[in-house]
Structures are given as C-alpha cells and as structure tokens.
Amino acid sequence: MNIKMKNILKEILSTSLYLLVVLCITYLIIHYVGQRTQVLGSSMEGTLSNGDNLIVDKLSYRFREPERFDIVVFPVDTEEAAGKKKKGEDTYYIKRIIGLPGEIIQIDEEGIIYINGDVLEEDYGREVIRDPGIAGEPVTLGEGEYFVLGDNRNNSEDSRVPKVGCISRSRIIGRAWIRIWPLNKLGILKHQ
C-alpha cells in the first residue's frame with residue numbers, strides 16, 4: 001500500500017473516531033445532563049407559553065431534591081395520553097411543584113392553597129382556582145411524592161386531577177432551566 005493510500009485511510013479512521021466520540025458525548029448529555037423540550041398548551045401561561053422551547057436540567061436532581069416552586073417535567077402515564085402519542089414518542093407535562101413529601105395539601109372553595117394548614121404565599125397562579133379537584137379534601141403526600149400545579153390554574157391538568165395525581169420523585173425527568181425560544185424571551189427561568 002502506498003503512502004498516499006495510508007494517509008487517506010488514517011484520515012478516514014481519525015474522522016470516524018472523532019464522529020463516534022462526538023455522538024457518544026451527545027448521547028450522554030441528552031440522557032444524563034439536559035434535553036430540549038417544547039411547551040404545548042397554556043397550562044403554564046404567565047410563565048411559559050405555547051411553543052416555548054426549553055432546556056431541561058436532568059443533572060441537578062441527582063445531587064439535591066426538588067424544591068417548592070421548581071418547574072418540573074415528568075411523563076404522562078395515562079391511557080388518554082397513550083392514545084394521543086405516536087409510536088416511539090413520549091408525552092410529558094410541565095408543572096410547578098407546590099407540595100413536598102410529607103405535607104398535607106388542601107385547596108378551599110375560595111381557591112386558597114393550604115400547606116399543613118398554613119396559607120401558601122405564592123405569586124405564580126394567574127387566577128383564583130375554581131375547581132380544587134381532589135385537593136378539595138386534604139391530600140397527604142407520601143414519601144417521595146410531590147403535588148404539582150400549572151401556573152394557569154383553571155386551564156391545567158395537574159395533581160388536582162386523579163389521572164395525574166401526586167407525582168413520585170422517580171417520575172420527575174428534570175427541572176425546566178433555560179428558555180431558548182423565542183429569542184426575545186431567551187433566559188434562565190425563575191423558580192423561587
């Protein structure tokens with residue numbers, strides 16, 4: 001084999017190895033560090049809008065537990081969602097954590113949220129909650145369970161709805177971190 005052919009093969013091997021390393025790093029980042037997701041619907045309106053593109057931080061919850069007011073992403077495990085999704089496509093919800101493990105959550109007929117009997121001081125909900133759903137009665141969160149609500153409270157399927165219910169820690173994919181689209185709203189999302 002002549003020197004020119006050896007150099008061509010060496011270049012092909014070098015480029016192939018480089019591409020393989022890039023693909024492996026990309027795979028690791030997407031599966032363990034972050035992923036892009038798009039907001040569909042208006043349940044988080046006021047904070048997130050239909051069509052917003054986000055990067056979900058999948059790494060920080062490996063080192064700490066989710067906190068109140070974190071905006072989290074989790075898969076939907078309902079038959080209805082399964083009927084709507086295409087093969088190989090997952091459906092995720094994006095909501096704000098309101099209740100933490102071990103807490104008792106209740107929403108009264110005036111739409112006031114109580115945590116362990118105390119009024120929750122927050123400014124994320126767009127309006128007074130008209131339907132407390134299952135939280136009309138006290139909901140006691142178990143170990144590793146979270147109560148989530150959309151910011152657009154009257155247009156959100158969240159923990160108040162039995163088919164969503166309380167979210168287990170193991171179902172949380174990650175925390176919404178950065179809005180990357182539209183560009184005029186580019187930036188880190190406010191959680192606390």
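Above this text you will find the structure in question.
Please read these numbers as outputs of a predicted model, since none were measured by experiment.

Conventions we followed
- Residues numbered from 1 in each chain as written.
- Predicted model: local features only at pLDDT ≥ 70, side-chain atom pairs only at ≥ 80, totals over all residues.
- Heavy atoms only, no water.
- Pairing = 2+ DSSP bridges.
- Helix = DSSP H or I, 4+ residues; strand = E, 2+ residues; numbered from the N terminus.
- Salt bridge = Lys/Arg side-chain N within 4 Å of Asp/Glu carboxyl O.
- Buried < 20%, exposed > 50% of the residue type's maximum accessible area, 1.4 Å probe, protein only.
- Core = buried A, V, L, I, M, F, W, Y, C linked by side-chain atoms within 4.5 Å.
- Contact = heavy atoms within 4.5 Å.
- Patch = residues over 30% accessible without salt bridge, like charges linked within 9 Å, V, L, I, M, F, W, Y side chains within 5 Å.
- Areas by Shrake-Rupley, 256 points an atom, 1.4 Å probe, with all protein chains shown as cover.

Enquirer: Explain the sheet that holds strand β7 (residues 118-119) here, please?
Expert: As a general point, the strands of a sheet are linked pairwise by backbone hydrogen bonds and lie either parallel or antiparallel. Overall, antiparallel pairing links the four strands, which are arranged β7-β6-β5-β8 in an open sheet. Here the strands that pair on one side only, and so sit at the sheet edges, are β7 and β8 (139-140). Where strand β5 (residues 104-107) and strand β6 (residues 113-115) come together, three bridges link them in antiparallel fashion. Bridge pairing in β6 links I105 to I115.

Enquirer: Just checking my understanding: could you explain the pattern of salt bridges for this structure?
Expert: Two side chains carrying opposite charge are able to pair once their charged atoms lie near each other. Taken as a whole and judged by the stated rule, the model has ten salt bridges. One salt bridge in this structure joins D70 and R175, with 3.7 Å as the shortest N-O distance. Remark: R175 occurs in strand β11 (residues 174-181) and D70 occurs in the loop between β2 (53-57) and β3 (71-75); sequence separation between them is 105 residues. Here D70 falls in the buried class, since its relative accessible area comes to 0%. One salt bridge in this structure joins R153 and E122, with 3.1 Å as the shortest N-O distance.

Enquirer: Could you clarify how one ought to interpret the nonpolar core in this entry?
Expert: Nonpolar side chains in soluble globular proteins tend to end up buried together. Judged by nonpolar contacts, the single largest core of 14 residues is most densely connected at I98, I113, I115, L120, F147 and L149. Those elements that place two or more of their residues in this core are β5, β6 and β9 (145-149). For I98, the residues in contact, after removing those within four places along its chain, are R68, F69, E103, I113, I115, L120, E122, F147, V148, L149 and R153. With eleven residues, the next largest nonpolar core counts Y61, V72, F74 and V164 among its residues.

Enquirer: I tried to follow the environment of S60 on my own but got confused; where do I start?
Expert: Residue placement: S60 occurs in the loop between β2 and β3. Assessed through its relative accessible area of 18%, S60 is described here as buried. C-alpha of S60 to C-alpha of G174: the two residues are 114 residues apart in sequence and 7.9 Å apart in space.

Enquirer: What is the right way to look at the pairing of strand β4 (residues 92-99) in this model?
Expert: Sheet faces and side chains relate simply in a regular strand, where the side chains alternate between the two faces. Extensive coverage of β4 is indicated by the burial of seven of its eight residues. Relative to β4, β3 runs antiparallel, the two being bridged by five bridges. The residue bridging F74 from the neighbouring strand is Y93, located in β4. Across three bridges, β4 lies against β9 in antiparallel orientation. In the strand pairing of β9, G99 is matched with F147.

Enquirer: What is the right way to look at unusual backbone geometry in this model?
Expert: W181 connects to P182 through a cis peptide bond whose omega is 5°. Mapped onto the elements of the fold, P182 is located in the loop between β11 and β12 (187-188). A positive phi angle is found at F69, which is not glycine, with a value near 80°. Among the structural elements, F69 can be located in the loop between β2 and β3. At N116, a residue that is not glycine, the phi angle is positive and equals roughly 50°.

Enquirer: What is the right way to read a nonpolar patch on the surface from this model?
Expert: A cluster of nonpolar residues, M5, I8, L9 and I12, forms a patch on the protein surface that exposes about 360 Å² of accessible area. When you line up the elements, L9 lands in helix α1 (residues 3-32). Using a relative accessible area of 43% as the deciding quantity, one classes L9 as partly exposed.

So far we have only geometry, and geometry alone does not tell us how the molecule works.
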